[in-house]
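Okay, here's what each chain looks like letter by letter:
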Amino acid sequence: MRKVIFFGAISMDGFLADKDYSLDWLFKYDSKLVTEKCYDPFIKNVGTTIMGRQTYNDLIKEVGKVPYDDMDNYILSHHALPVEYQQSNVIQTSGPVTDLVRKLKVSAGKDIWIVGGGKLVTELISAKLIDTLEIQIAPVILGDGQRLFESVDAPSQFKLQSAEQYGQFTDLVFQL
């Protein structure tokens, strides 16, 4: 069975992005070590991404092209993607993310990366569908922005697997 993993950086107060959905605060830090020790090994095992439309648009703006073109990318949106954002490996879906994840978990392939947070991560945690949270904490307090977790209906108990420091980042890995 494929693993479902959230992997991403947050501020010390739990924000993925600032109130304008910007990651500029994150790029102020030297991330070479955390990239080498965390992201590179992680991405080798990923075959599928799932993200919301806002995250998808932000990534395209950031990198100037459709991201992760070597894997399947599921974009959660009720609106059609612009033609220039459509590729054979980009699948738009408007159904429940929990149904999609249940289907993908039992299909053949590499791990599934949940890109972005908020409602998406919270829904999957509530449904007990996220196997691993790998969170890099940056030494900044934003005070406002896009939270990794929204309100959950019931507590979810994770087990700490590791905690490592890489430069200014702390990498925490939790298993459900």
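Parameters and conventions
Residues numbered from 1 in each chain as written. Predicted model: local features only at pLDDT ≥ 70, side-chain atom pairs only at ≥ 80, totals over all residues. Heavy atoms only, no water. Helix = DSSP H or I, 4+ residues; strand = E, 2+ residues; numbered from the N terminus. Pairing = 2+ DSSP bridges. Axes fitted to C-alpha atoms, helices over the stretch in contact; angles between N-to-C directions. Contact = heavy atoms within 4.5 Å. Left-handed = near helix turned anticlockwise from the far one by under 90°. Nonpolar A, V, L, I, M, F, W, Y, C, P; charged D, E, K, R; others polar. Buried < 20%, exposed > 50% of the residue type's maximum accessible area, 1.4 Å probe, protein only. UniProt positions renumbered as here; feature names shortened; annotations may be inferred. Salt bridge = Lys/Arg side-chain N within 4 Å of Asp/Glu carboxyl O. Phe/Tyr/Trp six-rings, centres within 6.5 Å; stacked < 30°, edge-to-face > 60°. Right-handed = clockwise from strand over helix to strand, strands pointing away.

In the annotation of an unreviewed UniProt entry, the entry for the protein chain reads Dihydrofolate reductase, and the organism field reads Companilactobacillus mishanensis.

A. Structural view of unusual backbone geometry. The phi angle at Tyr68 is positive, at roughly 55°, despite the residue not being glycine. Assignment of secondary structure puts Tyr68 in the loop between helix H2 (53-63) and strand S4 (72-76).

B. Structural context of the sheet that holds strand S5 (residues 90-93). Strand order in the open sheet formed by eight strands is S5-S4-S3-S6-S1-S7-S10-S9, with mixed pairing between adjacent strands. Both outer strands of the open sheet, S5 and strand S9 (159-166), are each paired with one neighbouring strand and no more. Recorded for the sheet is a direction-independent mean angle of 20° between the axes of neighbouring strands. Bridge count between strand S3 (residues 46-52) and strand S6 (residues 111-115): five bridges; the pairing is parallel. If you follow Ile50 over to S6, its bridge partner there is Ile114. Together, strand S1 (4-10), S3, S4, S6 and strand S7 (132-137) form the strand contacts of helix H4 (residues 119-126), whose direction differs from that of S6 by roughly 130°.

C. Main features of the packing of helix H3 (residues 97-105) against H4. Running from amino to carboxyl end, H3 crosses H4 at an angle of 65°, the nearest separation of the two axes being 10 Å. Crossing angle aside, the handedness with which H3 passes H4 is right-handed. Side by side, H3 and H4 meet where Val97, Thr98 and Val101 of the first sit next to Leu120, Glu123 and Leu124 of the second. Its residues assigned to classes, the contact of H3 with H4 shows four nonpolar, one polar and one charged.

D. Spotlight on the environment of Pro82. By the secondary structure assignment, Pro82 is in the loop between S4 and S5. On the accessibility criterion, Pro82 (27% relative accessible area) is partly exposed. C-alpha separation for the pair Pro82 and Asp69, spaced 13 residues apart in sequence, amounts to 17 Å.

E. How the structure looks around the UniProt feature "domain: Bacterial bifunctional deaminase-reductase C-terminal" (unreviewed entry) in the protein chain. UniProt records the feature "domain: Bacterial bifunctional deaminase-reductase C-terminal" (unreviewed entry) for residues 2-168 in the present numbering. Each end of residues 2-168 is marked by a C-alpha atom, and these two atoms are 31 Å apart; helix forms 24% of the span and strand 28%.

F. Examining the pattern of salt bridges more closely. Counted under the stated rule, the structure contains three salt bridges. Here Asp99 ties to Arg102 by a salt bridge, and the two come within 3.9 Å at their closest N and O atoms. Within this pair, Asp99 and its partner Arg102 are both found in helix H3, separated by three residues, close to a single helical turn.

G. Here's a closer look at the packing of aromatic side chains. This model, assessed by the stated rule, comprises seven aromatic pairs. Taken together, the ring pairs connect Phe7, Tyr39, Phe42, Tyr68 and Trp113 into an aromatic cluster.

H. Layout of the pairing of S3. The element S3 is largely enclosed, with a buried count of six among its seven residues. With five bridges joining them, S3 and S4 adopt parallel strand pairing. Paired with Gly52 across the bridge in S4 is Leu76. Viewed along the sheet, the connection from S3 through H2 into S4 turns out right-handed.

I. The arrangement of the side chain of Ser22 in detail. Relative to the assigned elements, Ser22 resides in the loop between strand S2 (15-17) and helix H1 (32-43). By relative accessible area, Ser22 is classed as buried at 17%.

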